[in-house]
Amino acid sequence: MPTKYRLLVKNASQVVVICSNGEKYLQKDAVQNLCVVDNGSVVIGCDGLIKAVGPSDDVQAEYPEELFEKVIDATGMCVIPGLVDAHTHPVWAGDRVHEFAMKLAGASYMDVHRAGGGIHFTVEHTRAAAAPDLLASLTARLGRMLRAGSTLVECKSGYGLELETEVKMLEVIEKARRALPINISSTYCGAHAVPRGKTVAEATEDVLRVQLPALRRRITAGDLRVDNIDVFCERGVFDLDATRAILQAGRDMGLHINFHGDELHPMNSAQLGAELGALAISHLEEVTDEGIAAMATAKTAAVLLPTTAYILRLPQPRARAMLEAGLIVALGSDFNPNAYCCSMPLVMHLACVNMRMTMPEALVGATINAAYALGRSDTHGSLEAGKHGDLVVLNCRRWEHLIYQLGGHHEVIRYVIIKGSVVHDNDHILAF
């Protein structure tokens, strides 16, 4: 009998579907009530899409094993959706390990920035780097993220601050998107910092008059796919007026608004994002109650980054207040030279311990809500028929082990699967 389906994952102790009624996001009480199938199976078709999820007896009665190219017996294991990392800066040259000691000695983010470090240090090295070298390092970093369970990753530019290097970074992201199995959401972040020697007004004008028109031409020609526009809205960087102008211009090009806001100072970025119909705002360590309310009303997702607050010793984002107000709360690693973390399981652990999120809230934040923050929750973030067959098989009987075991995801994760193909097989681990 010819095969008709790509993959059957059968007999899992738990299949964590997340949601089962086509929800684009989860908020309030729904976050606590995850859809979980005990003794479940998942069917993925040859097109890479999920065809069926349900109790193993029902699924296997309808889909005989001989119809499949591959069968994974997940007895004693769990299945969860592929994790979604909603905020990363993975394309750069020149690490900043030397700055870690400065921060440990008490230097703030802006202290390092003013001393010529931070973003400007990375900009200098990234401008000088050859595109093949940037692609090689990006490929390695995305591989680490994939092995930690991430199957969809947002990737930003932003270490060029001028057209040539910003385009070089976006081209590298595009090459990775076309060559690698991992799913990528590409973000233009040319307003990540004000270049040395320029004023905010001059930098804003360069983005509006030079960089964005050139990107529009490349996107229209089909050379680049860019999904989102980002600005670092912060005191001493881009103010509200500059941020508004750049985000509006990106929106007019069809890009999703997904930007840095209210990180170091309360800038009213949340209110601005809600007004502009932003899909998501990241950081929000200093967001006001009014900003939280505005985002909840606008259905603008909050992308919280527990690694940043941890490394910079900032106040933790007020996740509980956001969740209670009905915000759509997502998570990201903020992988960058300042916060070198490729692991969404570690991010979820920090979210639970430091931001007082529950484990279901953290998993929702790293799946369906993170997918929503990238405009991808129609295809990613839950295990529902018609969505991409992206999933992670865990070598444990309860899914919570992925968060509970601090730093233990390398042993907990057994398989990572994208569109029904096994892209990581961790076959050396032992069962619990």
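Predicted, not measured: the structure shown is a model, and the values here were computed from it.

### Examining the confidence of the model for the protein chain
Per-residue confidence for the protein chain gives a mean pLDDT of 96; residues scoring 70 or more make up 98%. Element-level pLDDT for the protein chain is lowest in helix H3 (residues 109-114), with a mean of 78, against a maximum mean of 99 in strand S6 (residues 83-85).

### Observations regarding the sheet that holds strand S8 (residues 183-191)
Judged by pairing direction, the sheet is parallel, and its 8 strands sit side by side in the order S6-S7-S8-S9-S10-S11-S12-S13 without closing on themselves. Looking at which strands have only one partner, the edges of the open sheet turn out to be S6 and strand S13 (329-331). Across the sheet, the mean angle separating the axes of adjacent strands is 25° when strand polarity is ignored. Across the sheet, helix H8 (residues 240-252) lies against S8, strand S9 (228-233) and strand S10 (256-261), angled at about 175° from S9, the strand it touches most. Across the sheet, helix H9 (residues 269-276) is in contact with S9, S10 and strand S11 (280-283); its angle to S10 comes to roughly 175°.

### Re the pairing of strand S12 (residues 301-304)
Burial along S12 is two-sided: the residues Ala301 and Val303 and Ala302 and Leu304 are all buried. In this sheet, S12 lies alongside S11 in parallel orientation, the contact comprising 3 bridges. Within the sheet, the bridge partner assigned to Ala280 lies in S12 and is Ala301. Once you follow S11 into helix H10 (residues 289-298) and on to S12, the crossover reads as right-handed. Relative to S13, S12 is paired through 3 bridges, and the arrangement is parallel. Residue Leu304 lies in a different strand from S13, and its bridge partner there is Leu331.

### Topic: the layout of surface pockets
Estimated volume of the largest pocket: approximately 390 Å³. At the level of elements, helix H2 (97-104), helix H5 (131-147), helix H11 (306-312), helix H13 (344-354) and helix H17 (409-412) are the ones that each hand at least two residues to the lining of the largest pocket. Per-class residue counts for the lining of the largest pocket are 13 nonpolar, 5 polar and 5 charged.

### Digging into empty space enclosed by the protein
The tally for this structure, following the rule as stated, stands at 4 cavities of 30 Å³ or more. Of the voids in this model, the largest cavity is the one considered here, and its volume is about 130 Å³. Lining the largest cavity we find 16 residues, and of these His89, Tyr109, His192, Asp334 and Asn336 sit closest to its centre. When the residues that make up the lining of the largest cavity are grouped by side-chain class, the tally is 5 nonpolar, 8 polar and 3 charged. By volume, the second largest cavity is sized at about 50 Å³. Around the second largest cavity sit Pro81, Gly82, Leu83, Val84, Thr151, Leu152, Thr379, His380, Gly381, Ser382, His388 and Asp390, which together line it. Put simply, the parts of the chain that give the lining of the second largest cavity at least two residues each are S6 and strand S7 (150-156).

About the cut-offs
Residues numbered from 1 in each chain as written. Predicted model: local features only at pLDDT ≥ 70, side-chain atom pairs only at ≥ 80, totals over all residues. Heavy atoms only, no water. pLDDT = per-residue confidence, 0-100. Helix = DSSP H or I, 4+ residues; strand = E, 2+ residues; numbered from the N terminus. Pairing = 2+ DSSP bridges. Axes fitted to C-alpha atoms, helices over the stretch in contact; angles between N-to-C directions. Contact = heavy atoms within 4.5 Å. Buried < 20%, exposed > 50% of the residue type's maximum accessible area, 1.4 Å probe, protein only. Right-handed = clockwise from strand over helix to strand, strands pointing away. 1 Å grid on protein atoms, 1.4 Å probe; cavity = no way out; pocket = protein on both sides within 12 Å on 5 of 7 lines; lining within 4 Å. Points joined across faces, edges and corners; volume = space filled by probe spheres on them. Nonpolar A, V, L, I, M, F, W, Y, C, P; charged D, E, K, R; others polar.

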